[in-house]
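Observations on the three-dimensional arrangement
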Amino acid sequence: MSWVLIALLGVPLAGAAALLAPFGADAAARGRLLRVHGLVVSGLTFALSVVLVAAFDHGDAARTQFVTDLAWIPGLDLRFHLGVDGISLPLVALTTLLTFLCFVYLCRGRADGPGQLLSPRPGGNRPRALVFTLLVLEVGMIGTFLALDLLLFFVFFEVVLIPMYFVIAIWGGRARRAAAIKFILYTLLGSVVLLLGLLLIWSQTGTLDMTALARARGTGMSPAVQTIAFLAVGIGFAVKTPMWPLHTWLPDAHTEAPTVGSVLLAGVLLKMGTYGFARVAIPILPDGAAATAPWLGAFAVVGIVYGSLACLAQRDLKRMIAYSSVGHMGFVLLGFATLTPAGINGALFGNIAHGLITALLFFVAGAIKERYGTSDMPALGGGMLTRLPHLASLLTFACVASLGLPGLAGFWGEMLALLGAFEPAAGLSRPLYLVFMALGGLGTVLTAAYFLLMLSRVTHGRGTETIHVPLLAAATAGGLPSTGPTEEESDHEDGAPAAEATEKEGPFMATVGGGDASPPATPATPATPATPATPATPATPATPATPAASGTSGASGTTTRVVVGATSAGSTARSRMPDVTGYELAAWVPLIALILLFGLWPKALLLLTDPVVRTLVGAP
């Protein structure tokens, strides 16, 4: 069955290579072909991972299985060495699942009509380039979790950077290029330090075989060398995780990335950093891990508290989810820092749980942004449970899962990490780790606070939306000056209507709710008398009448802000916003099912990771 690992890498690679061939069909046929191609290739790769999970010997999860060991560069004794065990198997399955679900999400709409894959964009949408980039990205992600040679691991680890850079830089938001450059600079600098650490290990041991190095447990390296090597590889992995204070590239990347980019970035790419701690840093450098574990735990709990406080200050929904990842990955790092079976199992469980839950969060956040034209929480206006009840319910479920409600997948990883901190490994200061545990507990409270605060702003309350009254009507009614929309209102990328942009508090605004219109904030100026004999008649304010024309009714419980100066098309579009669609359910239901499965039956995942973890830390 070793051919399965080769096929897992070969199928998406061949699918990407096939896209280099010229297409002779018309645009509609190319659209259909790209949709089918992306779904078939990613679906076949996911099917291979299901075969791998089914054929895996779950009773011997600590053993490396389906090993492929071929000569790669004989002169340097480099080998194409692949294998899978209880740590890497769930991550491989998670990678193929999320990639397939991303293609399901992308291929919505008619096969030859506008959709997520073929949505119009300035300069062209480049659908073939997007499918190619995602398939190459999948090759790098899967290879990282299968590689058993340090240099091969590093190659796959770096392969993912270039396609993710292009996903953000080409298909991202308004500030996509700055976010992409920040992402590539941080991760490449971290990779340089990582490579130095790997070369130090090679120079001291004479081998790059990860299984042999793990069995040796640092033999041939002094504690000082192990500490230096751990710091080097740890910094490289911490950038990708990301760990505070090396996290600043993440919020920008998530905010500007397209939906599928955010899903794969949070669901898989961040896991590559934490996987490196479990696969390379801790088992190969045990003395270095013991020496630096208190510092790792300290940075972890600072990240937990900092990420939670940062979330409380955010206005943008996607940016808030990005900062929540900093906090959640802090629990993963805290679990590793305990060097105990409970803590490391919690870290590995939290890895998978975070991948599932945050992927669902970004899917839902992307759907909200598509409908409203913005992810700014004040601009969303609240009342989503009234306007889009199913979408709001899914957002609520994802948030409750992420804050660690018992019975859902997010609970077990954090609980086990805190349990590991309560009784850390021998040689570590228990009072210090009790402080870490207390700060981690504070982080769970803050996590619940920012998610519940976000839900109260977005899903609950009376809906408030901004609509724009045509200026001509306002000028006719009240003699307002003829000025067009502001630059901020008109400058929206990807053709987003100005009415769906972030709210602007202007001088000509009214609020309508429950069917009763309140007077304008600044009443219209009375018309100038035409002749002295004719008294001036005050102009009737046009603003309060607009909500009724735009389809807003008091029975819906929606409060409408009316801004003079643009068109009201955005409000009309919002009144017709669709709730959750079939293609979205197809992409999200598997994630919901797995969140429930691992929440109610954590043993399904712990049976895979626990034997490997006990081998890594030398526990019985």
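See the structure shown above.
Residues numbered from 1 in each chain as written. Predicted model: local features only at pLDDT ≥ 70, side-chain atom pairs only at ≥ 80, totals over all residues. Heavy atoms only, no water.

**Here's the deal with the overall build of the protein chain**
Test applied: In this description a helix means any DSSP run of H or I spanning at least four residues, a strand means any run of E spanning at least two, and both kinds are numbered starting from the N terminus. Only protein chains enter the accessibility calculation, which uses a 1.4 Å probe. A residue is then buried if its area is under 20% of the maximum for its type, exposed if over 50%, and partly exposed in between. Only heavy atoms matter for contacts: two residues are in contact if any of them lie within 4.5 Å across the pair. To be clear on the numbers: accessible area is Shrake-Rupley with a 1.4 Å probe, and residue cover counts the displayed protein chains and nothing else.
What the protein chain contains, in helices and strands, is 25 helices and 6 strands. Within the protein chain, the proportion of its 620 residues that are buried is 55%. Look at the contacts in the protein chain between residues 6 or more apart in sequence, and 79% of them connect residues 24 or more apart. Here the protein chain displays about 23,000 Å² of accessible surface, and carbon together with sulfur accounts for 68% of that area.

**Examining unusual backbone geometry**
A cis amide bond links Thr 241 with the next residue in sequence, Pro 242, at an omega value of -10°. Cis geometry marks the peptide bond from Trp 244 to Pro 245; its omega dihedral reads 5°. With respect to the element layout, Pro 245 can be found in the loop between helix H9 (223-240) and helix H10 (249-256). You will see that Phe 66, though not glycine, has its phi angle at about 55°, which is positive. Inspection of the secondary structure puts Phe 66 in strand E1 (residues 65-73). Under the relative-accessibility criterion, Phe 66 is labelled buried at 13%. Unlike most non-glycine residues, Leu 339 shows phi in positive territory, near 55°. Structurally, the position occupied by Leu 339 is in the loop between helix H13 (317-338) and helix H14 (341-372).

**Here we look at helix H18 (residues 409-422)**
Turning to H18, its buried residues number three or more, namely Ala 409, Gly 410, Gly 413, Glu 414, Leu 416, Ala 417, Leu 418, Gly 420 and Ala 421. Turning to H18, the residues buried within the fold contact H13, H14, helix H17 (389-402), helix H19 (430-458), helix H24 (582-600) and helix H25 (603-617).

**Some thoughts on the layout of surface pockets**
Selection rule: The rule is simple: put a 1 Å grid over the protein atoms alone, call a set of points where a 1.4 Å probe fits but cannot get out a cavity, call an open set with protein on both sides within 12 Å along at least five of seven lines a pocket, and count a residue as lining if it has an atom within 4 Å of a point. Grid points are joined across faces, edges and corners, and a volume is the space filled by probe spheres set on the points. Residues were grouped as follows: Ala, Val, Leu, Ile, Met, Phe, Trp, Tyr, Cys and Pro as nonpolar; Asp, Glu, Lys and Arg as charged; and all remaining residues, including Gly, as polar.
Roughly 510 Å³ of internal volume is contained in the second largest pocket. When contributions to the lining of the second largest pocket are tallied by element, the ones reaching two or more residues are helix H2 (27-55), helix H3 (88-106), H14, H24 and H25. Broken down by class, the residue content of the lining of the second largest pocket amounts to 19 nonpolar, 2 polar and no charged.

**Considering the packing of helix H11 (residues 259-284) against H13**
Stated formally: For helices, the fitted axis covers only the stretch in contact; all axes are lines through C-alpha atoms, and the angles between them, taken along N-to-C directions, range from 0 to 180 degrees. Note on angle classes: values under 35 degrees are labelled roughly parallel, values over 145 roughly antiparallel, values of 65 to 115 roughly perpendicular, and the remainder oblique. A crossing counts as left-handed when the near helix is turned anticlockwise from the far one by less than a right angle, and as right-handed when that turn is clockwise.
Two elements in contact, H11 and H13, have axes separated by 12 Å at closest approach and are oriented at 15°. In terms of axis orientation, H11 runs roughly parallel to H13. Regarding H11 and H13, the two cross each other, and that crossing is right-handed. Contacts from Ser 262, Leu 270, Lys 271, Thr 274, Phe 277, Ala 278 and Ile 282 of H11 reach H13 at Lys 318, Ser 325, Met 329, Val 332, Leu 333 and Phe 336.

**Digging into the pattern of salt bridges**
Side chains that carry opposite charge are capable of pairing whenever their charged atoms lie near each other. Note the threshold: Whenever a carboxyl oxygen of Asp or Glu lies within 4 Å of a side-chain nitrogen of Lys or Arg, that contact is scored as a salt bridge.
Summed over all chains, the structure comprises 10 salt bridges. The salt bridge involving Asp 57 is made with Arg 63; its shortest N-O contact spans 3.8 Å. The class of Asp 57 is partly exposed, set by a relative accessible area of 35%. Taking relative accessible area as the criterion, Arg 63 reaches 40% and is therefore assigned partly exposed. Sharing partners across several salt bridges, the network here consists of Asp 57, Asp 60 and Arg 63.

**Remarks on helix H6 (residues 161-171)**
Among all positions of H6, only Leu 161, Pro 163, Met 164, Val 167, Ile 168, Ala 169 and Trp 171 are buried. Those residues of H6 hidden inside the fold are in contact with helix H4 (127-146), helix H5 (150-159), helix H7 (176-205), H9, H10 and H11.

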